[in-house]
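As a plain string of letters, each chain reads:
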Amino acid sequence: MKIKKAIIPAAGLGTRFLPATKAMPKEMLPIVDRPTIEYIVKEAVDSGIEDIIIVTGKGKRAIEDHFDYSFELEENLKRKGKYDLLDEIHKSSNVDIHYIRQKEAKGLGHAIWSARKFIGNEPFAVLLGDDIIKNETPCLRQLMDRFDEVEQSVIGVQQVPESETHRYGVISPLTEENKLYQVERFVEKPPQGTAPSNLAIIGRYLLTPQIFDFLAEQQIGAGGEIQLTDAIEKLNKVQKVYAYEFEGKRYDVGEKFDFIKTTVEFALQRDDLRDQLMDYLVELHQKDYRL
Ligand code: UTP
């Protein structure tokens, strides 16, 4: 069965980015001149997704307006002959995007549950709004190719340093074939030193609709939130859930330092910014800027 729908949860409180996220979702924070969520939407579209539902909370308007047609802005750009900017804004308004509101930020599992009526009874994708993954074959496409082979849920994983496993959902792998793992257990945020492996769940999921059965009865888990990983662990007991170690560089833009690194790297990849930024970085390096 073909995967056509994707959920992008973007209703978290973004506390690591306060006060910037007090009135604006962190998914709207720009990487150079493009909001983070636009990179995520592009990955979904490039992977062949036809319908996207964004789960929003506070700051709903900013996300909706971003992907909407803006008559006033377009007329203004046309009058000024700024056709390159017109092309840029069209890139973000050509997909079929729907919105649903998560009334309370009760966790990722609850955000996915909120979108159940839009998904219905078919397998679907989840892309977290704060992980950008760069690769020639989009990360989600890689997972969809594996899904075509196994026709069961496939969760994106990558290796992380052992000292960081307590921040993630982590898998306990059983067998591996071409980076596709059968999984014994999925554990959310294992206490430091107890993680069953260093293979961490990284913001991309393909799930069968049976996950909703487990999200429906889901209790509060790690961090006082309704955890998606806990529901996946239960699903894996009745229906195989695979993990796939995808290729690509991942940028965790929900973390402050990673956000800054992402901005610098993405700017260095741009012809209009590379040289001046490089000169500036060299200049900073030569000075003792901490004084
Ligand atoms: P995070 O835990 O990274 O987001 O959730 P957060 O809670 O907003 O961030 P901090 O830790 O307070 O800084 C991962 C993804 O799940 C969404 C977030 O928007 C993010 O894209 N999410 C999380 C929801 O949609 N609803 C929730 O209740 C929680």
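Residues numbered from 1 in each chain as written. Predicted model: local features only at pLDDT ≥ 70, side-chain atom pairs only at ≥ 80, totals over all residues. Heavy atoms only, no water.

**Description of helix α1 (residues 36-47)**
Now for step 1: Relative to the 16 Å expected for twelve residues at 1.5 Å per residue, α1 spans 17 Å between its end C-alpha atoms, a close match to the ideal helical length.
Now for step 2: Of the positions making up α1, those classed as buried are T36, I37, E38, I40, V41, E43, A44 and S47. (Helix = DSSP H or I, 4+ residues; strand = E, 2+ residues; numbered from the N terminus. Expected span 1.5 Å × (residues − 1). Buried < 20%, exposed > 50% of the residue type's maximum accessible area, 1.4 Å probe, protein only.)

**A word on the side chain of D252**
Now for step 1: For D252, the location among the structural elements is in strand β13 (residues 249-252).
Now for step 2: Once residues within four sequence positions are removed from consideration, D252 is found in contact with D130, D131, R167, D258 and F259. (Contact = heavy atoms within 4.5 Å.)

**Topic: the site of the ligand**
Now for step 1: Lining the immediate environment of the ligand, one finds 19 residues, of which G14, T15, E27, Q102 and G107 sit closest.
Now for step 2: Between the ligand and the protein, one listed contact pairs an oxygen atom with a backbone N or O atom of G14 at 2.8 Å.
Now for step 3: For the ligand, the protein covers 86% of the area, taking 570 Å² as the surface of the free molecule.
Now for step 4: Most atoms of the ligand, that is more than half of them, are within 2 Å of grid points of the largest pocket.
Now for step 5: Elements that contribute at least two residues to the shell around the ligand include exactly β1 (5-10) and α5 (108-114).
Now for step 6: Taken together, the residues of the shell around the ligand sort by class into eight nonpolar, six polar and five charged. (Near = heavy atom within 4 Å. Polar contact = N/O pair within 3.5 Å; in protein donor to acceptor, adjacent residues only side chain to side chain. Areas by Shrake-Rupley, 256 points an atom, 1.4 Å probe, with all protein chains shown as cover. 1 Å grid on protein atoms, 1.4 Å probe; cavity = no way out; pocket = protein on both sides within 12 Å on 5 of 7 lines; lining within 4 Å. Sits in = over half its atoms within 2 Å of the grid points. Nonpolar A, V, L, I, M, F, W, Y, C, P; charged D, E, K, R; others polar.)

**Brief notes about the nonpolar core**
Now for step 1: Ranked by internal contacts, the top residues of the largest apolar core, which has 42 residues, are I8, I37, I49, I52, I54 and L206.
Now for step 2: No other element matches the five residues that helix α7 (residues 139-150) contributes to this core.
Now for step 3: Core analysis: the next-biggest nonpolar cluster, separate from the first, contains 32 residues, I53, I119, V126 and V157 among them. (Core = buried A, V, L, I, M, F, W, Y, C linked by side-chain atoms within 4.5 Å.)

**Digging into the layout of surface pockets**
Now for step 1: Of the volumes computed, that of the largest pocket is approximately 920 Å³.
Now for step 2: Lining the largest pocket are 35 residues, and of these R16, K26, L128, D130 and E225 sit closest to its centre.
Now for step 3: Contributing elements (two or more residues each) for the lining of the largest pocket: β1, α5, β11 (199-207), α9 (228-238) and β13.
Now for step 4: At three residues, β11 tops the list of elements feeding residues into the lining of the largest pocket. (Points joined across faces, edges and corners; volume = space filled by probe spheres on them.)

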